[in-house]
Amino acid sequence: MSELIKLNPPLVDQDVTALTAGDKVLVSGTIYTGRDAAHKRIVETLAAGGEPPFPLQGAVIFYVGPSPPPPGRVIGAAGPTTSYRMDAYAPTLMAEGLKAMIGKGKRNPEVKQAMADYKAVYLAAIGGAGALMARCIKQAEVIAYPELGPEAVRRLVVEDMPLFVVNDVHGGDLYEQGRQAYART
Amino acid sequence: MDTNCSSIEVLRAQSARIQRAQSAKKWELELASPRTVEVSAVADAVARLCGEADLYLPEDVRQAFTRAQAEEPSLVGQEVLGRLLENADIAAEEKMPICQDCGLAVIFMDIGQDAHLVGGDLIEAVNDGVRRGYEENYLRKSACHPFTRTNTGDNTPAVVHTQIVPGDKVHLWVVPKGGGSENMSKVFLLTPAVGLAGVKKAVMDTVEAAGPNPCPPIILGVAIGGTFDHAAVRAKRTLLRELDSVNPDPEAAELEQVLLEDVNTLGIGPAGLGGATTCLKVFVDIKPCHIASLPVAVNVQCHAARHKEAVL
């Protein structure tokens, strides 16, 4: 594990190519939320020649469906959702410039290949630590698909969101490496 | 004579009164024996428990994190477990859900056969409690139509499992169940020939395929025997147990220990980032099955093992 690496989106190729699976990063700045339903709509919009709800070039997307904000809060609990459900859509978004995905759980081979091809990384947040993650979120605003409720696309302003690099552009995979290091079978 | 006569009549009258009173009392007791429980009390309890379950990590789970943190060889694993403890503290302090996935509301109710539920539709009362509990505590509503994915808006309908038991109490458990771990759960209808080894393989395959997806360290509810449906419900029901509880069935208790050790050799670790703590506890329930069958249900529970109960 290296020292903490700071990332400030929008990201460029050099930001992500410098990362290695196992690195710890702190993300600060503007990121966007999206789960399956929002991804489906974004991909359909792109296919129809439309504009996505936020600029994809250099973007960081966080797979999250937050709980409602209690009074006086900008957001409720906001931990990552399982990422494989976005696998069908992720390569399309990377082709349009998406640079990082934040979630939890394994990605499929197509997504890993697209990360290498388009220079993008997959970052893991600690699943189930929703209250802790909420502390890093300073602003939240629904910018598209409000009818999707928790699945609406939100623009978040985050500060020092702690994440692990799981898949880098060089084929590194922290889930595989971590497991191999401790497997006793 | 008159005096005597009248005194006998008085005694007879008294005796008759006593007898009537006794029989009336007995009758009253018989009438009163089904204890009355208002369904509105069930609704209130469900509303309260939904909030408590989602905001406050149960003490048994917290202790399991602390123990695992002391034994976990991976530094990252230790860090993750530390963050989970910190997360539980923040959630309790800020009245924020532990996890944004506040679950589908799963409710188990053991209804005493001498309890008389009055004042309305019991299941509707449970749904009313879920509706209030999720709204009042700012919990995420995750129930939606399976095809259109349109959210029902209030996290109903709840998933309700009832069981009739001796007694006159209503024991209820609220177990909010997250989607990430539920998606990794499996039911196997094995061939009897595969035996215990086949059961162990089914459990290992389930955990291995799940990997980091269900938010490890996980808890496993494993039900063996019964039927397809029965195994699945019993697997979920085991999740009501406290993590440090001992299974009264020695065969199941031994298998719990064996499976826990086996699963923790996989190396998946906290958050799936590698480590020895893949699973905190395995619960096993063994029941007879058909001579042709060997059903096994594996319910995967994430570390946010929320379970709160009340007795009415």
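No experiment lies behind these values; they were computed from the predicted model shown.

Undergrad: Sorry if this is basic, but what is going on with helix α5 (residues 122–136) of chain B here?
TA: At 3.6 residues per turn, the α-helix brings residues three or four places apart onto the same side. All names here are of chain B. If you check α5, its first and last C-alpha atoms are 21 Å apart, about what 15 residues at 1.5 Å a residue would give, namely 21 Å. Within α5, burial applies to Leu122, Ala125, Val126, Asn127, Gly129, Val130, Gly133 and Tyr134. Positive phi appears at Tyr138, one or two residues downstream of α5, with a value of about 55°.

Undergrad: Explain empty space enclosed by the protein to me, please; I cannot follow it from the model alone.
TA: Where empty space is left can be seen by rolling a probe of water-molecule size over the atoms. All names here are of chain B. The tally for this structure, following the rule as stated, stands at four cavities of 30 Å³ or more. In this structure, the largest cavity encloses a volume near 60 Å³. Surrounding the largest cavity, Val61, Val175, Ile219, Leu239, Arg241, Leu243, Phe283, Gln301, Ala305, Arg306 and His307 form its lining. The residue inventory of the lining of the largest cavity, partitioned by class, reads seven nonpolar, two polar and two charged. Taken as a whole, the second largest cavity encloses approximately 50 Å³ of empty space.

Undergrad: Could you clarify how one ought to interpret unusual backbone geometry in this entry?
TA: Most of the time, phi is negative for any residue but glycine, and the peptide bond is trans. Here the bond from A:Pro9 into A:Pro10 is cis, since omega is 0°, no more than 30 degrees from zero. Mapping A:Pro10 onto the fold places it in the loop between β1 (5–7) and α1 (13–17). In this structure, the amide linkage connecting B:Thr156 to the following residue, B:Pro157, adopts the cis form with an omega of 0°. Looking at where B:Pro157 falls in the secondary structure, it is placed in the loop between α5 and β4 (159–165). The phi dihedral of B:Arg149 is positive, around 65°, even though this residue is not glycine. Checked against the element boundaries, B:Arg149 lands in the loop between α5 and β4.

Undergrad: Help me understand the packing of helix α3 (residues 59–71) of chain B against helix α4 (residues 75–94) of chain B in this model?
TA: Between two packed helices, what matters for the description is the angle formed by their axes and the separation of those axes. All names here are of chain B. Interaxial distance between α3 and α4 falls to 9 Å at its minimum, and their mutual angle equals 155°. By the angle between their axes, α3 is roughly antiparallel relative to α4. Considering the relative orientation of α3 and α4, their crossing is left-handed. Of α4, the residues touching α3 (which contributes Arg62, Phe65, Thr66, Ala68 and Gln69) are Gln78, Leu81, Gly82, Leu84, Leu85, Ala88 and Asp89. Residues of the contact of α3 with α4, tallied by class, amount to six nonpolar, four polar and two charged.

Undergrad: Can you walk me through the packing of aromatic side chains in this structure?
TA: To describe a pair of aromatic rings, you give the distance between the ring centres and the angle between the ring planes. Enumeration over the complete set of coordinates arrives at one aromatic pair over all chains. A:Arg41 extends its terminal NZ or CZ atom over the ring of A:Tyr145, reaching a point 5.2 Å from the ring centre. Over the ring of B:Trp173 we find B:Arg237, and its NZ or CZ is 5.3 Å from the ring centre.

Undergrad: Got a minute to help me understand the environment of B:Asn87 in this structure?
TA: Note that B:Asn87 resides in helix α4. Residue classification places B:Asn87 among the buried positions, given a relative accessible area of 0%. Sequence-wise, B:Asn87 and B:His230 are 143 residues apart; in three dimensions their C-alpha atoms are separated by 35 Å. Apart from the residues within four sequence positions on either side, B:Asn87 is in contact with A:Gly128, A:Ala129, A:Gly130, A:Ala131, A:Leu132 and B:Ile98.

Rules used in this analysis
Along each chain, numbering runs from 1 in the same order as the chain's sequence is written. Chains carry letters from A onward and ligands carry numbers from 1 onward, assigned in written order. For a predicted model such as this one, the threshold for reporting local features is a pLDDT of at least 70, and the threshold for listing and counting side-chain atom pairs is 80 or more; totals across whole chains, interfaces and linings nevertheless cover every residue. The side-chain numbers reported here are obtained from all heavy atoms of the structure, hydrogens and water having been left aside. Numbering of helices and strands runs from the N terminus; a helix is a DSSP stretch of H or I covering at least four residues, while a strand is a stretch of E covering at least two. What a helix should span is 1.5 Å times the count of its residues minus one. Under the scheme applied here, a residue whose accessible area is under 20% of the maximum for its type counts as buried, over 50% as exposed, and between as partly exposed, the area being computed with a 1.4 Å probe on protein chains only. The distinction between a cavity and a pocket rests on a 1 Å grid over the protein atoms alone: a 1.4 Å probe fits inside a cavity but cannot get out, while a pocket stays open yet meets protein on both sides within 12 Å along at least five of seven lines, and a residue with an atom within 4 Å of a point counts as lining. Grid points are joined across faces, edges and corners, and a volume is the space filled by probe spheres set on the points. We call Asp, Glu, Lys and Arg charged. Ala, Val, Leu, Ile, Met, Phe, Trp, Tyr, Cys and Pro are nonpolar, and the rest, Gly among them, are polar. The axes are straight lines fitted to the C-alpha atoms, using for helices just the contacting stretch, and the angles between their N-to-C directions are given from 0 to 180°. Working definition: roughly parallel below 35 degrees, roughly antiparallel above 145 degrees, roughly perpendicular at 65 to 115 degrees, and oblique for all remaining angles. By definition, turning the near helix anticlockwise from the far helix through less than a right angle yields a left-handed crossing, and turning it clockwise yields a right-handed one. Note on contacts: a residue pair qualifies if any of its non-hydrogen atoms lie within 4.5 Å across the two residues. Any Phe, Tyr or Trp ring, taking Trp's six-membered ring, that has another such ring centre within 6.5 Å forms a pair; planes under 30 degrees apart are called stacked, those over 60 apart edge-to-face, and the others tilted. Remark: a charge is flagged as sitting over a ring if the NZ atom of Lys or the CZ atom of Arg is within 6 Å of the ring centre and within 35 degrees of the ring normal.

In short, geometric facts, not functional conclusions.
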